[in-house]
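Each chain, letter by letter, is given below.
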Amino acid sequence: GHTFGAAGAMRVPHALALHGAQVLPALAVLLLFTGCSETRRTRTVVFGATGYCILVAVGAFQTFSGRAPLDLNLSAALVLGVGALLLVGAYVFALSGVRRAQLQAGTAGTGS
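This is a predicted model, so every value here is computed, not measured.

Calculation rules
Residues numbered from 1 in each chain as written. Predicted model: local features only at pLDDT ≥ 70, side-chain atom pairs only at ≥ 80, totals over all residues. Heavy atoms only, no water. Helix = DSSP H or I, 4+ residues; strand = E, 2+ residues; numbered from the N terminus. Buried < 20%, exposed > 50% of the residue type's maximum accessible area, 1.4 Å probe, protein only. Contact = heavy atoms within 4.5 Å. Areas by Shrake-Rupley, 256 points an atom, 1.4 Å probe, with all protein chains shown as cover. Patch = residues over 30% accessible without salt bridge, like charges linked within 9 Å, V, L, I, M, F, W, Y side chains within 5 Å. Salt bridge = Lys/Arg side-chain N within 4 Å of Asp/Glu carboxyl O. Polar contact = N/O pair within 3.5 Å; in protein donor to acceptor, adjacent residues only side chain to side chain. Expected span 1.5 Å × (residues − 1). Axes fitted to C-alpha atoms, helices over the stretch in contact; angles between N-to-C directions. Parallel < 35°, antiparallel > 145°, perpendicular 65-115°, else oblique. Bend = angle between axes of the 7 residues up to and from the residue.

**Describing the overall build of the protein chain**
Reasoning step 1: Within the protein chain one finds 3 helices and 0 strands.
Reasoning step 2: Ordered by position from N to C terminus, the α and β elements of the protein chain give α-α-α.
Reasoning step 3: A buried classification covers 22% of the 112 residues belonging to the protein chain.
Reasoning step 4: In the protein chain, once contacts between residues fewer than 6 apart in sequence are set aside, the share between residues at least 24 apart is 76%.
Reasoning step 5: Here the protein chain has roughly 7,100 Å² of accessible surface; of this, 68% comes from carbon and sulfur atoms.

**What to know about a nonpolar patch on the surface**
Reasoning step 1: Nonpolar side chains collect at one region of the surface, where V29, L32 and F33 lie side by side and expose about 320 Å² of accessible area between them.
Reasoning step 2: Mapped onto the elements of the fold, V29 is located in helix α1 (residues 11-31).
Reasoning step 3: Looking at V29, the relative accessible area reads 46%, which means it is partly exposed.

**Here's the deal with the pattern of salt bridges**
Reasoning step 1: Following the criterion strictly, the structure yields 1 salt bridge and no others.
Reasoning step 2: In this structure, D71 and R67 form a salt bridge, with 3.5 Å as the shortest nitrogen-oxygen distance.
Reasoning step 3: By relative accessible area, D71 is classed as partly exposed at 39%.

**Notes on the side chain of T63**
Reasoning step 1: Looking at the secondary structure, you find T63 in helix α2 (residues 38-64).
Reasoning step 2: Only 3.0 Å separates the side chain of T63 from the backbone oxygen of G59, close enough to count as a polar contact.

**What to know about the environment of Q102**
Reasoning step 1: Within the secondary structure, Q102 sits in helix α3 (residues 74-110).
Reasoning step 2: Accessibility expressed as a relative area gives 46% for Q102, which makes it partly exposed.
Reasoning step 3: Between the C-alpha atoms of Q102 and G35, which are 67 residues apart in sequence, the distance is 9.8 Å.

**A closer look at α2**
Reasoning step 1: When the terminal C-alpha atoms of α2 are compared, their 38 Å separation across 27 residues agrees well with the 39 Å that a helix rising 1.5 Å per residue should span.
Reasoning step 2: Taken together, the buried positions of α2 are occupied by T44, G48, G51, Y52, I54, L55, V58, G59, A60, Q62 and T63.
Reasoning step 3: G66 sits one or two positions beyond α2 and adopts a positive phi of about 80°.

**Focus on the packing of α1 against α2**
When two helices pack together, you describe them by how their axes are tilted relative to each other and by the distance separating the axes.
Reasoning step 1: Between α1 and α2, the least distance of the axes is 10 Å, while the angle of their chain directions is 170°. In terms of axis orientation, α1 runs roughly antiparallel to α2. Mapping the contact onto sequence places P13, L16, A17, H19, G20, V23, L24, L27, A28 and L31 in α1 and R41, T44, V45, G48, A49, Y52, L55, V56, G59, A60 and T63 in α2.

**Observations concerning α1**
Reasoning step 1: Given a rise of 1.5 Å per residue, 21 residues ought to cover 30 Å, and the 30 Å separating the end C-alpha atoms of α1 matches this to within 8%.
Reasoning step 2: At G20, α1 shows its largest bend, some 35°.
Reasoning step 3: For α1, the set of buried residues is P13, G20, L27 and L31.

**A word on the environment of R100**
Reasoning step 1: Considering the arrangement of structural elements, one finds R100 in helix α3.
Reasoning step 2: With 67 residues separating them in the primary sequence, R100 and F33 have C-alpha atoms 9.8 Å apart.

No statement about biological role is implied by the geometric values presented.
Put into structure tokens, the structure is as follows:
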């Protein structure tokens, strides 16, 4: 009575939503070390959050449909892919920005 679907309840959407409280602030903190403007950092977090919300929504949709988390039809797989690309893209941008800032600090430290 308290569960939905063949996947065994709300575990996947619950876990995804819960870990968003770790994944998204970690992205925001990482972006502090990039040297990017506040506007660019905010946009990057918004892209990451949008991707993460899509992941949670697909997980909830799968559960409410009575399907296993990875028993995806084509449309669910495409939507999941878009969400993953947004989230991973935000992290790739942040990590490359940190690396770029480190390289700039290294060349500035070798001086004239």
